[in-house]
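# Residue-level structural notes
Read off the chains here:
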Amino acid sequence: MKHALLVSLLLGSLSFGTTTWAADPFYEGLLQDGSVAMRAGLYESAAENLRLACFGLLDEPELLVVGLVRLAQTQAALEDDGGYAATVRRIVEVERLTQGYSTSTRLPELERKAFEDLLAEQTLAEELENTPAFAGVVARLRAAVAAAGAAADTESVDEDDEERSAADEDERAATTSDDARPSIDGDIEDLRTRLGAASDVDELTGVFTEARRLADANPDVPEAQLLAAESAYRIARWKEVVTYGKRGDLLDTDRPVLLFYYAIALFETGETEEAASVLERALPGLPDTEYVQRTRDRILGN
């Protein structure tokens, strides 16, 4: 009896209008049992209880998120990659529909951090994009990809590196039309690096603010405009994505990822027909991930 009362006090209830609906004690019990089993390392039992608990907590977003997070952690421990990926998609969907993950007061902060560390290790950025609550995780994933690419580039350096660098420098000097451009290129590269390394929404917003300022000060530099568009996409500033994409003549380029971002922004701002046209252009150059597939179905209605 005391145990049931404690669970009730801890988990509380959700209010809808003048009626208060408490979570079903049976499913609360399954959530509790699954959580205990998970912490004890009894992952098979934990997964079964948590899966059933989540089924019964669909109308309780905050509790549902707790169950889903613990289920994902359990599935990762079991090396159930398919189950883990499906659970992460459910968490993202719950967040997009109800903000249940970002606003949950039932998920301890240490557990939230551990889960986001897990996401950063085992999840593709495409699965989490367009969900501000996971912007920090997406930034970490992209930074890891960039770091891996940099490491690969370092390993490929050979004895001719200095000669190639000198040749590249000569070529840049020959094609630079004025003295200000090298400084602009350096600013763009610095901001692009910071965009890849940003770990939370505040940092992403800071990069966007500076990228926008640089783009506005250099309207004739397409790369500055496209960087502003990309950084705007990362914080779901759809109108700015469209504005700077147009200024950077994005439609005249062959850059599938940026075109993909641009199509989403067009769709979100109500330009559905143009969004479909741009997306169709981008798709042949994109990997056929589940996120790309879902976006295609959403915009093209396939």
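Quick caveat, the model's predicted, so the values are computed rather than measured.

### Considerations on the pattern of salt bridges
Taken as a whole and judged by the stated rule, the model has 13 salt bridges. Put simply, Arg298 and Glu268 hold a salt bridge, and the shortest N to O gap is 2.7 Å. Placement of the pair is Arg298 in helix H17 (residues 290-300) and Glu268 in helix H15 (residues 256-268), with a sequence separation of 30 residues. With its nearest N and O atoms 3.5 Å apart, the salt bridge here joins Asp297 to Arg296. Taking the relative accessible area as the measure of exposure, Arg296 reaches 27% and is therefore partly exposed. Through salt bridges with shared partners, a single ionic network connects Arg192, Glu223, Glu230 and Arg255.

### A short note on the packing of helix H12 (residues 201-217) against helix H13 (residues 222-234)
The contact between H12 and H13 brings their axes to 8 Å, and the two run at 155°. It follows that H12 is roughly antiparallel to H13 by the angle criterion. Crossing of H12 over H13 shows left-handed handedness. When H12 is examined against H13, the residues Leu204, Val207, Phe208, Ala211, Arg212 and Ala215 are found in contact with a partner set consisting of Ala224, Gln225, Leu227, Ala228, Ser231, Ala232 and Arg234.

About the thresholds
As a convention, each chain's residues are numbered from 1 in the sequence order in which they are written. Local features in this predicted model are restricted to residues whose pLDDT is 70 or higher, and side-chain atom pairs enter the listing and the counts only when it is 80 or higher, whereas totals over whole chains, interfaces and linings include all residues. Hydrogens are left out, water is left out, and the side-chain values use all remaining heavy atoms of the structure. What counts as a salt bridge is simple: a side-chain nitrogen of Lys or Arg found within 4 Å of a carboxyl oxygen of Asp or Glu. Put simply, DSSP marks the helices as runs of H or I at least four residues long and the strands as runs of E at least two long, and each gets a number from the N terminus on. Exposure classes here rest on a 1.4 Å probe applied to the protein chains alone. A residue is buried below 20% of its type maximum, exposed above 50%, and partly exposed in between. Here an angle of 0 to 180 degrees is reported between the N-to-C directions of two axes, which are lines fitted to C-alpha atoms, with helices fitted over the stretch in contact. Note that the term roughly parallel is reserved for angles under 35 degrees, roughly antiparallel for angles over 145, roughly perpendicular for angles of 65 to 115, and oblique for everything else. Left-handed describes a crossing whose near helix is turned anticlockwise from the far helix by less than a right angle; the clockwise case is right-handed. What makes two residues a contact is simply this: any of their non-hydrogen atoms within 4.5 Å.

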